[in-house]
Amino acid sequence: MSAPDLARQAWLAVAGVVDPEIPVLTIADLGVLRRVTENEAGDAVEVQITPTYSGCPAMGVITLEVELALARAGIKGAVRTVLAPAWTTDWMSEDGRRKLLDYGIAPPGPAAGRRALFGVADIGCPRCGSRQTVQVAEFGSTSCKALWRCEVCREPFDHFRCH
Amino acid sequence: MTTTSIAVRETPLVLFLLGRADDALVLGHRLSEWTGHAPMLEEELALANLGLDLIGQARGLYALAAEAEGAGHSEDDFAYFRDERAFRNVLLVELPRGDFALTMARQFLYAAAIDPWWRACMAGPHAGLAEIAAKAEKETAYHVRHSAEWLIRLGDGTAESHARAQAAIDLLWPYTGELFDPVDPALAPTPDRAAWLSAVDAVLARATLTRPADGWMQRGGRGGRHTEHLGHLLAEMQSVARAHPGAVW
């Protein structure tokens, strides 16, 4: 097997690892999987992943799952966490955004962290599509989600926070 | 306590990184104390989330300190196996969490100082710190907004909430000077107090709160001289790790 093939095989082997908190998204969808490189001898790979948030507790599980996926594919390799360039919601693929919406989570829009005090975002309900929605809490069940409610269909929903 | 503390090889870079990491860890721990005690569920989640961000930032900074020190210490060694005098956090972050007004006032005073500082660090001399800063500044923007909004609601709320918010600002003010102590420019930028003051003034005005006059500023944390509160915090935070050294889960 030539070296580029090994890196590509390793990518394919680990790309399907899912976020334990949002199991419809793979680490490739999220942009958490950054690069796969092979060593000079061409017999082992390094998988680079990046955290969404500094304190993301899922990174430990994701690292383990990547190691297991490599082992299952019979590829020797190690996982390295990289910080630069910093992850933003822009790293999420279009496919990932669609999957989120189908799963009932409103996907991220433009960056909101620097919004004016008491400013509100315009978020569509992932169930009925209405824009008549209100934020219940800016900090939700995980670091990356806020809790919202739709005023039309009355359903609560998660919104993947812009970052 | 049956375990001995680690001896840190204290170079200026190591001390600087540990100071910033200790700020984030100690404040993150103070926020975690609200779990089960917050005034409402949404705020409990918010405080836990802010604390998680801070502890995540602390981990990155401890990893950087370990690399700079080169003595084989881990993030956990720095967090769990140093005594009070080896901690280099500012005194502001170790004060007891107080009531909800004090917690939010402190969060705002800290976040409003650290948020522009993280952005300055992104262009600073230390590449590893710049990488951590690029993540932290996005998280801290949420912290500034969340705490500023609460300070305004409380200050411009009822007579009781106003009095508590003003009392919190008055109590904390003498502890804010240490945030702006000069940093060796070879390591990182010094936080900008003038910019912080104008951000603080804008929020205090909307909150109908009064900025206290600058008087005597309490210092000592960066040199390892702490209030009586840090030792109690560390005793709680470190007891399990020290009782079962090397334990993993």
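Everything quoted here is computed from the prediction, not taken from an experiment. (Residues numbered from 1 in each chain as written. Chains lettered and ligands numbered in written order. Predicted model: local features only at pLDDT ≥ 70, side-chain atom pairs only at ≥ 80, totals over all residues. Heavy atoms only, no water.)

Describing empty space enclosed by the protein
All names here are of chain B.
Piece 1. Within the structure shown, the criterion is met by three cavities of 30 Å³ or more.
Piece 2. Taken as a whole, the largest cavity spans an internal volume of roughly 60 Å³.
Piece 3. Here the residues of the lining of the largest cavity are counted per class, giving six nonpolar, two polar and three charged.
Piece 4. Going through the elements one at a time, α1 (12–32) and α5 (100–121) are the ones with two or more residues in the lining of the second largest cavity.
Piece 5. In the lining of the second largest cavity, the residues fall into four nonpolar, no polar and three charged. (1 Å grid on protein atoms, 1.4 Å probe; cavity = no way out; pocket = protein on both sides within 12 Å on 5 of 7 lines; lining within 4 Å. Points joined across faces, edges and corners; volume = space filled by probe spheres on them. Nonpolar A, V, L, I, M, F, W, Y, C, P; charged D, E, K, R; others polar. Helix = DSSP H or I, 4+ residues; strand = E, 2+ residues; numbered from the N terminus.)

Digging into the nonpolar core
Within soluble globular proteins, side chains that are nonpolar generally end up buried alongside one another.
All names here are of chain B.
Piece 1. Among the nonpolar cores identified, the biggest contains 82 residues, and Tyr62, Phe108, Trp118, Leu129, Leu151 and Trp196 are the most heavily contacted of them.
Piece 2. Examining the composition of this core, we find that 15 residues originate from one element, α5, more than from any other.
Piece 3. The residues touching tyrosine 62, leaving out its near neighbours within four places in the chain, are Leu18, Ala21, Asp22, Leu25, Glu75, Phe78, Ala79, Arg82 and Phe87. (Core = buried A, V, L, I, M, F, W, Y, C linked by side-chain atoms within 4.5 Å. Buried < 20%, exposed > 50% of the residue type's maximum accessible area, 1.4 Å probe, protein only. Contact = heavy atoms within 4.5 Å.)

A short note on the interface of chain B and chain A
Piece 1. Residue-level contacts link 29 residues of chain B with 29 residues of chain A.
Piece 2. For the pair chain B and chain A, the summed buried area comes to about 2500 Å², and 59% of that belongs to carbon and sulfur atoms.
Piece 3. Considering only the surface of chain B that becomes buried against chain A, B:Lys135, B:Tyr142 and B:Arg145 emerge as the three largest contributors, covering 32% of it.
Piece 4. A salt bridge links A:Glu138 to B:Arg145; its shortest N-O distance comes to 3.1 Å.
Piece 5. Joining chain B to chain A, the criterion identifies six residue pairs in polar contact (both at pLDDT 80 or more).
Piece 6. Mapped by element, the contributors of at least two residues to the side of chain B that touches chain A are α2 (41–69), α5, α6 (127–155) and α8 (193–206) of chain B.
Piece 7. It is α6(B) that provides the largest number of residues to the side of chain B that touches chain A, a total of 16 residues.
Piece 8. When the residues that make up the side of chain B that touches chain A are grouped by side-chain class, the tally is twelve nonpolar, four polar and 13 charged. (Buried area = accessible area lost by both parts, 1.4 Å probe. Salt bridge = Lys/Arg side-chain N within 4 Å of Asp/Glu carboxyl O. Polar contact = N/O pair within 3.5 Å; in protein donor to acceptor, adjacent residues only side chain to side chain.)

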